[in-house]
Amino acid sequence: MKIVTISRRLLKNFQQDPEVLKKEGRPCLLVVRLKYKGDVLPFAVPLRSNISAVTPKGQYFALPPRSGTRSGNHHGLHYIKMMPMAKKYIVRYRTENDEFATIVQSVVNQNEKRIITECQKYLDDYSNGYRPLYSTDIDLLLTILKSL
């Protein structure tokens, strides 16, 4: 798992889903081998600075707060905003000389199994009909991705 960003081209195509986070350059965690409806696919899980304090714990993985994280909110990997991915749309995220990015990558590395397990559980629940409010439409995004 590594921190990446998503290409502008793919984000533009994914705009059909209003829940896709459109901020260009947003760091995401690339989780390479997750199962969804019989396929094994990579998914990008966005890092968000201000996940609401009332968000259920199963919908995100908490990371150390950023400077922009408001009091009471969480900084973390927001599972309900994950997107299916293809290798050609992955852009390297530069972490050199970025102390905070190094800390985040370290926390991710130390919790790799947990993050993969929680991402997979979210996808299993999603494919079984549990679709939280404000979640991305994974089926729509897969259709778009396959058409490109």
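This one's a predicted model, so the numbers in the text were calculated from it and none came from an experiment.

Novice: It is not clear to me how the overall build of the protein chain should be interpreted in this structure. Could you clarify?
Specialist: When helices and strands are tallied, the protein chain shows 4 helices and 7 strands. The N-to-C order of helical and strand elements in the protein chain reads β-α-β-β-β-β-β-β-α-α-α. Computed over its C-alpha atoms, the radius of gyration of the protein chain comes to 14 Å, within 12% of the 15 Å expected for a compact globule of 148 residues. Oriented by its inertia axes, the alpha-carbon framework of the protein chain measures out at about 40 × 30 × 30 Å. Every one of the 148 residues in the protein chain was classed for burial, and the buried ones make up 43%. For the protein chain, the accessible area works out to roughly 8200 Å², and carbon and sulfur atoms hold 50% of it. When the 24 basic and 13 acidic side-chain charges of the protein chain are each reduced to a single mean position, those positions are 3 Å apart.

Novice: Would you mind going over unusual backbone geometry with me for this structure?
Specialist: The backbone of N97 shows a phi angle near 60°, a positive value even though the residue is not glycine. The exposure class assigned to N97 is exposed, which follows from its relative accessible area of 86%. Phi is positive for Y134, close to 75°, though the residue is something other than glycine. Within the secondary structure, Y134 sits in the loop between helix 3 (112-127) and helix 4 (138-147). When its relative accessible area of 53% is taken as the criterion, Y134 is described as exposed.

Novice: Hey, could you run me through the nonpolar core in this one?
Specialist: The tendency in soluble globular proteins is for nonpolar side chains to be buried side by side. Ranked by internal contacts, the top residues of the largest apolar core, which has 25 residues, are L77, Y79, M82 and I138. Among the secondary structure elements, those contributing two or more residues to this core are strand 2 (28-36), strand 3 (39-51), strand 4 (60-63), helix 2 (99-110), helix 3 and helix 4. With 5 residues, the top contributor of residues to this core is helix 3. Within the second largest apolar cluster, 15 residues are counted, among which are L10, M83, M85 and L141.

Cut-offs used in this document
Residues numbered from 1 in each chain as written. Predicted model: local features only at pLDDT ≥ 70, side-chain atom pairs only at ≥ 80, totals over all residues. Heavy atoms only, no water. Helix = DSSP H or I, 4+ residues; strand = E, 2+ residues; numbered from the N terminus. Rg over C-alpha atoms; globule rule 2.2 N^0.38 Å. Buried < 20%, exposed > 50% of the residue type's maximum accessible area, 1.4 Å probe, protein only. Areas by Shrake-Rupley, 256 points an atom, 1.4 Å probe, with all protein chains shown as cover. Lys, Arg positive; Asp, Glu negative; His and termini not counted. Charge placed at Lys NZ, Arg CZ, Asp CG, Glu CD. Core = buried A, V, L, I, M, F, W, Y, C linked by side-chain atoms within 4.5 Å.

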